[in-house]
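# Architecture and fold: a report
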Amino acid sequence: MLTVTGSFDDGATYTVQITGRADRPVIGSHRAAALAELHLGESVALSPTGPMATAAGDDEASILAVLRRHTTVLEETGPMPARAVEP
């Protein structure tokens with residue numbers, strides 16, 4: 001599991017784990033979990049220059065991209081997520 005530490009625009013910090021589970025993609029912060037769930041189904045860039053993916057709870061890379069887009073990610077520890085295969 002990838003552990004991410006970051007902060008929101010208001011300065012509040014969070015530490016979460018990206019689970020790779022569709023039913024609960026983020027654990028550790030209710031606010032970060034709500035943010036990730038709010039953006040499920042949206043198109044996000046997996047890196048600054050592409051490729052685009054649809055944010056899905058079972059796609060760790062897309063959840064990380066949502067956190068990077070909407071918060072300031074300060075640290076990522078653990079195995080980097082592989083991108084889920086899209087049908």
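Before going into details, it helps to say that this report is about the structure given with it. (Residues numbered from 1 in each chain as written. Predicted model: local features only at pLDDT ≥ 70, side-chain atom pairs only at ≥ 80, totals over all residues. Heavy atoms only, no water.)

### Structural notes on the overall build of the protein chain
Within the protein chain, the secondary structure is distributed over two helices and six strands. Of the regular secondary structure in the protein chain, the N- to C-terminal order runs β-β-β-α-β-β-α-β. At 12 Å, the protein chain has a C-alpha radius of gyration in line with the 12 Å of a compact globule built from 87 residues. Reported as C-alpha extents along the three principal axes, the dimensions of the protein chain are approximately 35 × 25 × 25 Å. The buried share of the protein chain, reckoned over its 87 residues, is 38%. In the protein chain, the proportion of contacts linking residues at least 24 apart, taken out of those at least 6 apart, comes to 43%. Accessible area of the protein chain: about 4,900 Å², with a carbon and sulfur share of 53%. Averaging the positions of the 6 positive and the 11 negative side-chain charges in the protein chain gives two centres separated by 1 Å. (Helix = DSSP H or I, 4+ residues; strand = E, 2+ residues; numbered from the N terminus. Rg over C-alpha atoms; globule rule 2.2 N^0.38 Å. Buried < 20%, exposed > 50% of the residue type's maximum accessible area, 1.4 Å probe, protein only. Contact = heavy atoms within 4.5 Å. Areas by Shrake-Rupley, 256 points an atom, 1.4 Å probe, with all protein chains shown as cover. Lys, Arg positive; Asp, Glu negative; His and termini not counted. Charge placed at Lys NZ, Arg CZ, Asp CG, Glu CD.)

### Looking at the nonpolar core
Looking at soluble globular proteins, one finds that nonpolar side chains tend to be buried together. Residues Val4, Tyr14, Val16, Ile18, Val26, Ala32 and Leu67 are the most contacted members of the largest nonpolar core, which totals 14 residues. Counting only elements with at least two residues in this core, the list comes to strand 1 (2-7), strand 2 (13-18), helix 1 (30-38) and helix 2 (60-70). Among the elements that take part in this core, helix 1 stands out by supplying four residues, more than any other. Sequence-distant contacts of Tyr14, that is, excluding residues within four places in its chain, are made with Val4, Thr5, Gly6, Ser7, Phe8, Ser29, Ala32, Leu67, Thr71 and Val73. (Core = buried A, V, L, I, M, F, W, Y, C linked by side-chain atoms within 4.5 Å.)

### Observations regarding helix 1
Among all positions of helix 1, only Ala32, Ala33, Leu35 and Ala36 are buried. Down the axis of helix 1, the smallest arc covering the buried residues is 160°, so these residues share one side. Opposite the buried face of helix 1, at more than 90 degrees from it, the exposed residues are His30 and Leu38. Packed against the buried residues of helix 1 are strand 2, strand 3 (26-27) and helix 2. (Arc of directions from axis to C-beta.)

### Focus: the side chain of Ser29
Here Ser29 shows up in the loop between strand 3 and helix 1. Excluding residues that lie within four positions of it along the chain, Ser29 makes contacts with Tyr14, Thr15 and Val16.

### Remarks on the packing of aromatic side chains
What characterises a pair of aromatic rings is the spacing of the ring centres plus the angle enclosed by the ring planes. Evaluated as defined, the whole model comprises one aromatic pair. Where Phe8 meets Tyr14, the ring centres are 5.1 Å apart and the plane angle is 50°; that geometry is what we call tilted. The cationic tip of Arg31 hangs over the ring face of Phe8; the distance from NZ or CZ to the ring centre is 4.0 Å. (Phe/Tyr/Trp six-rings, centres within 6.5 Å; stacked < 30°, edge-to-face > 60°. Lys NZ or Arg CZ within 6 Å of the ring centre and 35° of its normal.)

### Concerning the environment of Leu67
Along the chain, Leu67 falls in helix 2. Since its relative accessible area comes to 0%, Leu67 is described here as buried. Spatially, the C-alpha atom of Leu67 lies 17 Å from that of Asp23, the residues being 44 residues apart in sequence. Not counting chain neighbours up to four residues away, the residues in contact with Leu67 comprise Val4, Tyr14, Val16, Ile18, Ala32, Leu35 and Val73.

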